[in-house]
Amino acid sequence: MKKFLILALLITTTLAATAQKKFGIRGGLSSTDFNPKDLVVTNANDVDQLRLAVDNAKYGLHFGLFAQFRKNRFFIQPEVVFNSNEIEYTVEDIENNVGKTAISARYNYVDIPINAGFKFGPLRVQAGPVGHFFVNSVSDLKDWDGYKESFKEATWGVQYGFGIDIWKTVLDFKWERNFKEFGDHVTFNDVSYNFDDTQNRFIVSLGIAF
């Protein structure tokens, strides 16, 4: 997927020399769709310590820049956007029999999607790769003994959907599937834990061309 993203950038650069061009700013919302199981964390003595579960994935926010290069019906639309998502967890302290606690975490990324497709009047049909580059996180999980973050610097996915262009307005509806397990950054007592499902998102984005 990394090579595919680089290839898409090369095609974009080549097409930009002769294509009709459009540049602008954009922002929007995303919803996360996954169904992970609970994770049971053990301590250094292999005794059950915590039960961790995703309780709610709130709407994410994104904003950034986009370009659109079109030649006849074919187009390529690269974007650079800052993406922030908040997740609510439920943590049960099994070891100390404390009960359940609601905590939250926010994850910030720079996303680079490159969608390509065909334009039919104002309607666009599109698909393409997306790279996610980790920036930072703010998480209540850091308060728990033995927790460490282990984020990959870059992860990859694919987007597909459709868009509508009306004058300077660029509206996109996209589905995104990522090629990593949600929660694969979770490490307790030097042991990594994964939720079952990959993180899928539905993205609505509104752009205004300059």
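Residues numbered from 1 in each chain as written. Predicted model: local features only at pLDDT ≥ 70, side-chain atom pairs only at ≥ 80, totals over all residues. Heavy atoms only, no water.

## Observations concerning the overall build of the chain
In step 1: Across its full length, the chain carries one helix and 13 strands.
In step 2: Along its sequence from the N terminus, the chain presents helices and strands in the succession α-β-β-β-β-β-β-β-β-β-β-β-β-β.
In step 3: A fraction of 69% describes how many contacts in the chain between residues 6 or more apart in sequence connect residues 24 or more apart.
In step 4: Carbon together with sulfur atoms contributes 58% to the accessible area of the chain, which is approximately 11,000 Å² in total. (Helix = DSSP H or I, 4+ residues; strand = E, 2+ residues; numbered from the N terminus. Contact = heavy atoms within 4.5 Å. Areas by Shrake-Rupley, 256 points an atom, 1.4 Å probe, with all protein chains shown as cover.)

## Brief notes about the confidence of the model for the chain
In step 1: Overall, the predicted model of the chain reaches an average pLDDT of 83, with 85% of residues at or above 70.
In step 2: When the elements of the chain are averaged for pLDDT, helix H1 (residues 2-16) gives the smallest value, 64, and strand S4 (residues 60-71) the largest, 93. (pLDDT = per-residue confidence, 0-100.)

## What to know about the pattern of salt bridges
In step 1: Evaluation of the coordinates by the stated rule reveals ten salt bridges.
In step 2: Put simply, Glu79 and Lys174 hold a salt bridge, and the shortest N to O gap is 3.2 Å. Residue Glu79 is located in strand S5 (residues 74-93), and its partner Lys174 is located in strand S10 (residues 169-181); the two are separated by 95 residues in the primary sequence. Grouping residues by exposure puts Glu79 and Lys174 together as buried. (Salt bridge = Lys/Arg side-chain N within 4 Å of Asp/Glu carboxyl O. Buried < 20%, exposed > 50% of the residue type's maximum accessible area, 1.4 Å probe, protein only.)

## Some points on the pairing of strand S2 (residues 39-42)
In step 1: Judged by which residues are buried, S2 turns out to be one-sided: Leu39 and Val41 face inward and are buried, whereas Val40 and Thr42, on the alternate face, are not.
In step 2: Direction of pairing for S2 relative to strand S3 (residues 48-57): antiparallel, over a ladder of four bridges. Bridge pairing in S3 links Thr42 to Asp48.
In step 3: Connecting S2 to the antiparallel partner S3 that follows it, the hairpin turn spans five residues, and Asp46 within it adopts a positive phi of roughly 65°. (Pairing = 2+ DSSP bridges.)

## Concerning the sheet that holds strand S11 (residues 186-188)
In step 1: Strand order across the open sheet formed by three strands is S8-S11-S12, with antiparallel pairing between neighbours. Every other strand in the sheet has two partners, leaving strand S8 (147-149) and strand S12 (191-193) as the edge strands with one partner each. Averaged over all pairs of adjacent strands, the angle between their axes in this sheet comes to 35°, without regard to strand direction.
In step 2: Relative to S12, S11 runs antiparallel, the two being bridged by three bridges. Opposite Thr187, over in S12, you have Ser192 as the bridge partner. (Axes fitted to C-alpha atoms, helices over the stretch in contact; angles between N-to-C directions.)

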